Protein chains: 6
Amino acid sequence: MGIHKYFQSLSDLEGIYRCPGVFKYQEHSVASHSFKVSTIAQFLATVEDQHGKEVDWKTLYERAMNHDYSELFTGDIKTPVKYALPKLRELFRQVEGSMTREFLNKEFPPELREVYQERFREGKDGSLEGKILSVADKIDLLYEAYGEIQKGNPEPLFFQIYKEALESIIQFRDMDSVMYFINVILKEMIEEETASQSKIKDITEHLLSEDAAK
Amino acid sequence: MGIHKYFQSLSDLEGIYRCPGVFKYQEHSVASHSFKVSTIAQFLATVEDQHGKEVDWKTLYERAMNHDYSELFTGDIKTPVKYALPKLRELFRQVEGSMTREFLNKEFPPELREVYQERFREGKDGSLEGKILSVADKIDLLYEAYGEIQKGNPEPLFFQIYKEALESIIQFRDMDSVMYFINVILKEMIEEETASQSKIKDITEHLLSEDAAK
Amino acid sequence: MGIHKYFQSLSDLEGIYRCPGVFKYQEHSVASHSFKVSTIAQFLATVEDQHGKEVDWKTLYERAMNHDYSELFTGDIKTPVKYALPKLRELFRQVEGSMTREFLNKEFPPELREVYQERFREGKDGSLEGKILSVADKIDLLYEAYGEIQKGNPEPLFFQIYKEALESIIQFRDMDSVMYFINVILKEMIEEETASQSKIKDITEHLLSEDAAK
Amino acid sequence: MGIHKYFQSLSDLEGIYRCPGVFKYQEHSVASHSFKVSTIAQFLATVEDQHGKEVDWKTLYERAMNHDYSELFTGDIKTPVKYALPKLRELFRQVEGSMTREFLNKEFPPELREVYQERFREGKDGSLEGKILSVADKIDLLYEAYGEIQKGNPEPLFFQIYKEALESIIQFRDMDSVMYFINVILKEMIEEETASQSKIKDITEHLLSEDAAK
Amino acid sequence: MGIHKYFQSLSDLEGIYRCPGVFKYQEHSVASHSFKVSTIAQFLATVEDQHGKEVDWKTLYERAMNHDYSELFTGDIKTPVKYALPKLRELFRQVEGSMTREFLNKEFPPELREVYQERFREGKDGSLEGKILSVADKIDLLYEAYGEIQKGNPEPLFFQIYKEALESIIQFRDMDSVMYFINVILKEMIEEETASQSKIKDITEHLLSEDAAK
Amino acid sequence: MGIHKYFQSLSDLEGIYRCPGVFKYQEHSVASHSFKVSTIAQFLATVEDQHGKEVDWKTLYERAMNHDYSELFTGDIKTPVKYALPKLRELFRQVEGSMTREFLNKEFPPELREVYQERFREGKDGSLEGKILSVADKIDLLYEAYGEIQKGNPEPLFFQIYKEALESIIQFRDMDSVMYFINVILKEMIEEETASQSKIKDITEHLLSEDAAK
């Protein structure tokens, strides 16, 4: 059906929820995740830019926005499965590639196929834009896990995800934006966690005693 | 953590929704699907039994109840991916097998591992119980698609699923229970669809005119 | 409309939620509950079998799978109402029985009515299978309450449900499977609860200091 | 815990959904229903008032707002069960009454028990206020069914509910407000249903051709 | 379309959720909120009545039930926006007023417009009924915030809402019903919060040791 | 709390639903909408680029991604309110502007405030990027309305939204990408709508007769 089909498929990404089969207080769709990763990548790239790095903004945004589109073709395969055997991963990548090509040939006009083929490619390479995408993807994952832990989710998986996401981010500590994340943003997050919340009892009694003193 | 972990994991199956990324009026979890397949299999086996077939009930129920448990380990891999390359399918099966063994070794006491290894195995073989499971799984899928079509879902995928599920069921037309499904149940379904629903206008005017005639 | 109606009604059990009118972090449908009770019963019966008890597996699974089907006819009547007056309970049972018979006469072919009449009967009698069903039903209820308490539900009702479910289970302590539940599974559950969760602050500082030491 | 418990319990009514076990496009809680019935009763009473009837407004609003509060104690018992046997209905009413008294004695200060005992009583008697409540309750039920039919719900139950609700309303045709409902509001509803919706194709082509003519 | 349109619009209030854009464990619709405010106002007025105040019940209930109806026309504008500039607030009130009049002129018969114009007006004036509405609105808001805090919501906004709602309520401390709320109900709430919840471990070990002692 | 607060706020956009108070089969959050508008803008800009227009990609993506961020501060004000009085609209804009500045001053480091001030500005000006954003925003709105109409939503509002969105798009018919949308994509959409869906009865009878012929 053409580009109409492509535009419609964007709504399907609103109906794929990340990390199925684990209780969560708050669900996150692939569409929302793509928005958040793009916005975080925008921030990281701004920091890089302020430190004198040359950012290819067009490439950066395209990679961030499109980086999970192919989940529409393949479904949500759990990471341990994907990485269980190198041969499996290799074959899986082949299948993903051929499904993307098939979709492009069926729905896109010939003159746009090449540019979209490039956009739907895995973008996490060693370029500055590829590295920013890798970090932004992990920061959003870390925030998803943090949100659950903060709300009291007893599932140990979220601690593990938080830990693994942070480990991945630290790998990129040679980047100025990553140092900013670690030295500034992460610190704000931890301060928030330890700020002991005032108790309802205290608020209430304080307000009432103040009132009585009038 | 042992069997406690296994009991807890049953709730995770309540949080995996079938056919993600397609708009549905009604969602179905893997837990609900397992219940429905078991109940449909019970019906089909009862028909077989009445036609003189020997049903191994213990095997039948175990296969139906446990047939999708391994989705907890692998996630929901879309069928076209799984079947894209014979080698890929073969490798997926290996990985699934080794993940199941790992889970059993970690959480189950030694004396129960073998019996559960057998229960978590793919049960759709050529035995009567295997064939009943194959048919029951497709009947529930057909009902899921029918439910969407009946509610007005415009997504063509559900017509395709309905069609493919029915084609699969017809393959087993040598079974008495499948003939019963085709000749009786499917007929009831089609009659329901064509029974033209009375209109609100008609009901209302009928009631009011009746009342006026009093 | 016949068996088509029966197959469709299974989906209605996906839309009846247990324990309405109390805030829950996670909802459980009657369909999911039936699946979980069947799976827990399977486990308990396996333990009994290993201790030399003769399990009638066909009966066991049928009772577990079908034990709440009649809620479709009666709705979810709160337990205190049902048990408030012996006469009420008695009348209620009569009504439930006659509604089931009516459904069978309307939708089932004559040759299947008797076998399904038996299946839709209350199965919690003094037989081994009846006792396993009683225990499995309470174990799932205990897990539902435990899941809420663990997630921080302040509603005292869930403590009460947990307590009453455990008391009911303990009544069956002469069964090997119940002793296994108490001595092994319940212990795992309590250990999980007391295992103090590591704090985000600790994880984060640990990872960062490790990294700095490199 | 007193009135705090009573105030908290109002939120529980937000979590009891009407007509469980039937697929609906839109769920309605008991809290929402109570709001709508009160607002509809307000309208009907305004019409009665304009036709010279004396409305006891305090009684009217109290009955409408509180008419389903006791579902908190009893759960949602399906109507056919409640009415199956006169004796059963009688006993249900006794149990409901004694549960309400128990709640009042436990949570309410003595000086308020009598007035709330009266408020939690079934209010559908032969008084003008009782009759308005009966009609308003049915009008909201009719709108719930109409909403489903209008959205394409294939479940025949909603036609039956619509029909039975309308029949009940017609019983009260000696009331001016009911005549207004039948002669004016119901007519608007039917006109809405038959007004053939314009098609997207038509809108689109019309807009484009208009544009081309410029 | 007339009153039919008005009755249908009540369901739209079931689909407007309060306080959008902040994570909540439990959502509250404007319809449910209206029900709860009316019920709380009923309680407060009963206390006033017992202290010899003359309550105009008709006015009281009308104001409570209809106080948020105009959100249908305006949407949910955040409070800080509304109050940012006095001129903005003034203009906003003008627009709200003219939208309400337009709706009445379009959907209501002439003889009912005036009475509904009055009902859709902001009812929080200095009369006893206006003051009860102001307090009841804040009590429900306080309960919404309390419900989130009690369930472990880490969002500091709910502490702020709780605090501001309580401050507003205290402003009305010259009312007997407000003194009752502060001296009795709020105390029950705080007692509930500090009542240390028993631990699963304790319950379990207690039950088991009791059992062992038999 | 700084950028941590900004990153957390992205999740709040997942909890603001568009067009509240109207029944929808499928909800769309502001986060998802932002993702879809960015992806549609990417497509339109690609067409412009192929027709020789110079696209400033950095500006384009920034405007599309951030265009609704300020709804976090203001809430969802219904369009008719916003535009009711020119003075009101002007004041709303002032308030929005000062709230954004306040947020930037509170949470952003000084060196990033200016660049983000620019990003949070309304981006729909007369530049190519501004026009693409205007069109992409309307295309997503049109698709939201189309999705509801296609699923059978009886609410006339969605026809009105579809119509008004299309009218707005047509205003930009001097753009090559808009001509592509009208001539190609809209045509595909209409063809989809008129393609009469095959009936279950036909599929079923066809499959069965085919089978019988074997």
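Residues numbered from 1 in each chain as written. Chains lettered and ligands numbered in written order. Predicted model: local features only at pLDDT ≥ 70, side-chain atom pairs only at ≥ 80, totals over all residues. Heavy atoms only, no water.

Q: Honestly, the environment of Tyr61(A) in this entry has me stumped. Any pointers?
A: Residue and element names in this part refer to chain A. With respect to the secondary-structure elements, Tyr61 resides in helix H3 (residues 57–66). It is 9.6 Å that separates the C-alpha atoms of Tyr61 and Val37, two residues lying 24 residues apart in sequence. One polar contact links Tyr61 to Gln42, side chain to side chain, over a distance of 3.3 Å. (Helix = DSSP H or I, 4+ residues; strand = E, 2+ residues; numbered from the N terminus. Polar contact = N/O pair within 3.5 Å; in protein donor to acceptor, adjacent residues only side chain to side chain.)

Q: Looking at this structure, how should I read the pattern of salt bridges?
A: Here the idea is simple: oppositely charged side chains can pair when their charged atoms come close. The final tally for this structure, using the stated rule, is 81 salt bridges over all chains. Lys58(B) is the salt-bridge partner of Glu62(B), the closest N and O atoms lying 3.1 Å from each other. With Glu62(B) and Lys58(B) both in helix H3 (residues 57–66) and four residues apart, the pair spans about one turn of that helix. The exposure class of Glu62(B) is buried, given its relative accessible area of 11%. By relative accessible area, which is 29% here, Lys58(B) ends up partly exposed. Linking Asp125(B) and Arg63(B) is a salt bridge whose minimum nitrogen-to-oxygen distance equals 3.0 Å. A residue pair is termed long-range when its members are at least 10 positions apart, and Asp125(B) in the loop between helix H7 (110–119) and helix H8 (128–150) and Arg63(B) in helix H3 qualify at 62 residues. Its relative accessible area of 16% is what places Arg63(B) among the buried residues. Overlapping salt bridges, with partners in common, bring together Glu14(A), Lys36(F) and Asp140(F) in one network. (Salt bridge = Lys/Arg side-chain N within 4 Å of Asp/Glu carboxyl O. Buried < 20%, exposed > 50% of the residue type's maximum accessible area, 1.4 Å probe, protein only.)

Q: Mind showing me how you'd approach the interface of chain A and chain F here?
A: Interfaces are often sized by the amount of accessible area the parts lose when they come together. The partner chain F presents 49 residues to the 49 residues of chain A that form the contact. Buried surface at the junction of chain A and chain F, both sides included, amounts to about 4,400 Å², of which 65% is carbon and sulfur. Summed over the three residues of chain A that lose the most area to chain F, namely Phe7(A), Phe35(A) and Met65(A), the buried surface amounts to 17% of that side. Where chain A touches chain F, the interface holds two salt bridges. (Contact = heavy atoms within 4.5 Å. Buried area = accessible area lost by both parts, 1.4 Å probe.)

Q: Mind showing me how you'd approach the interface of chain B and chain C here?
A: Counting residues at the interface gives 49 residues for chain B, matched by 48 residues for chain C. Surface buried jointly by chain B and chain C totals about 4,500 Å² across both partners, of which 65% is contributed by carbon and sulfur atoms. The three residues of chain B that bury the most area against chain C are Phe7(B), Phe35(B) and Met65(B), which together make up 16% of that side's buried surface. If you look at where chain B meets chain C, you find two salt bridges. The closest approach of N and O atoms between Glu14(B) and Lys36(C), which form a salt bridge, is 2.9 Å.

Q: Which parts of the structure should I look at to understand the relation of the copies chain A and chain F?
A: Between the two copies of the chain lies a relationship made up of a rotation around an axis and a movement along it. Between chain A and chain F, which share one sequence, the superposing operator has a rotation angle of 180° and an axial displacement of 0.0 Å; the RMSD is 0.1 Å. The transformation relating the two chain copies, once decomposed into turn and shift, fits a two-fold axis. (Least-squares fit on C-alpha atoms with pLDDT ≥ 70 in both.)

Q: Just checking my understanding: could you explain the side chain of Ser32(F) for this structure?
A: Tracing the chain through its elements places Ser32(F) in helix H2 (residues 30–50). Of the residues examined, Ser32(F) reaches a relative accessible area of 3% and is grouped as buried. At a separation of 3.5 Å, a polar atom in the side chain of Ser32(F) contacts the side chain of Glu14(A). In contact with Ser32(F), other than residues within four places in its own chain, are Glu14(A), Ser29(A), Ala31(A) and Ser32(A).

Q: Teacher, can you tell me more about the relation of the copies chain B and chain C here?
A: For these two chains of identical sequence, chain B goes onto chain C by a turn of 180° and a shift of 0.0 Å along the axis, with RMSD 0.0 Å. A shared interface surface links the copies, since 98% of the contact residues of chain B are contact residues in chain C too.

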